[in-house]
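# Examining the three-dimensional arrangement
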Amino acid sequence: MENEKLKKTTAKVSALPSPALCIPGTTNATEPDEQQDLSKHQGRTRSFPHERGIWASYVFIDYGDSDGWLEMQNEYKTLLNDVTTTLEFNPIDRMHLSLTKTFTIRHHNINPFVANLREQLAGRRRFRLEFSGVQVYVNEERTRTFLGVRVAEESYGALNTLVTSLDECLREYKLPLYYTDRAFHVSILWCLGDREAEVRKELPALTAVYERVYEEEYCDISQQVKTLWFKCGNKSFHFDLI
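Quick look at the structure, then. (Residues numbered from 1 in each chain as written. Predicted model: local features only at pLDDT ≥ 70, side-chain atom pairs only at ≥ 80, totals over all residues. Heavy atoms only, no water.)

Below, the discussion takes up the packing of helix 1 (residues 67-83) against helix 5 (residues 203-216). Orientation of helix 1 relative to helix 5, taken along the N-to-C sense of each, is 160°, at an axis distance of 10 Å. Between helix 1 and helix 5, the angle falls in the class roughly antiparallel. Relative to helix 5, helix 1 is oriented so that their crossing is right-handed. Of the residues in helix 5, those touching helix 1 at G68, E71, M72, E75, Y76, L79 and L80 are A205, L206, V209, Y210, R212, V213, Y214 and E216. Residues belonging to the contact of helix 1 with helix 5 are distributed by class as follows: 10 nonpolar, one polar and four charged. (Axes fitted to C-alpha atoms, helices over the stretch in contact; angles between N-to-C directions. Helix = DSSP H or I, 4+ residues; strand = E, 2+ residues; numbered from the N terminus. Parallel < 35°, antiparallel > 145°, perpendicular 65-115°, else oblique. Left-handed = near helix turned anticlockwise from the far one by under 90°. Contact = heavy atoms within 4.5 Å. Nonpolar A, V, L, I, M, F, W, Y, C, P; charged D, E, K, R; others polar.)

Quick look at the structure:
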């Protein structure tokens, strides 16, 4: 779900890294499979080649257990699959808001990197995010199209502060920093290919769904952010805010 600067397309659609579509609980699983089986990944391809001892990783806010977000996802999926017969939309398995690019880290650096994250995030206070509408996004490789919900600009302050701290950890390990031109969002659905034009035609109907569900489920969708997560291969680590 990646090392280039975030760019907006000429049609005002935002580009984004290819996000991981499954965020399991903390495990001690072995390294990811060395070869891709596209039948197991719904036609998705890696944005970087697999290398033994290298783990795809990113830091995020988890929205996967929110009933409000799940309701919005289900309504979007029903609407798009009803009106677009040529597209097959899939739900993001674990909805989230990314605070880093997806990067790779060597296995022996995971524990010290997590320790650095804990140090940087110690004492960080909880906060609430507001959202401001639905948008179409494409990944940098333009191999997948996403429907996502934008974070309201008035909520960027807390996120920018977190990204600055996370960038300090990334810089120490010579890892790619987050985008300068930021477009914080929660991805809801995805489909294969660059299908921006088809999805943008449905934005008025999608916006109506957003406005209704956001009003009805506001307290759940804009709930206080209490925990940050770091996903690294098949492992995940959490960082509680105070």
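After that view of the structure, there is still more to cover.
This brings us to the nonpolar core. Counting residues in hydrophobic clusters, the biggest one holds 63 residues, and the most contacted among them are I61, Y63, Y76, L97, L99, F131 and F230. For this core, the element with the highest residue contribution is helix 3 (residues 156-172), accounting for seven residues. Setting aside anything within four residues of it in sequence, one finds F131 in contact with Y63, W69, V149, R150, V151, A152, V186, Y210, Y214, I221 and S222. (Core = buried A, V, L, I, M, F, W, Y, C linked by side-chain atoms within 4.5 Å. Buried < 20%, exposed > 50% of the residue type's maximum accessible area, 1.4 Å probe, protein only.)

With that settled, consider the pattern of salt bridges. Within this structure, the stated rule accounts for nine salt bridges. The partner of R142 in a salt bridge is D194, and the shortest N-O contact between them spans 2.8 Å. Note that R142 is positioned in the loop between strand 7 (131-139) and strand 8 (144-151) and D194 in the loop between strand 9 (185-192) and helix 4 (196-200), a separation of 52 residues in sequence. Relative accessible area serves as the criterion here: at 31%, R142 is assigned to the partly exposed category. For E168, the salt bridge is made with R171, and the minimal N-O distance between the two is 2.8 Å. Taken together, the positions of E168 and R171, both in helix 3 and three residues apart, correspond to about one turn of that helix. Residue E168 is classed as partly exposed on the basis of its relative accessible area, which comes to 40%. (Salt bridge = Lys/Arg side-chain N within 4 Å of Asp/Glu carboxyl O.)

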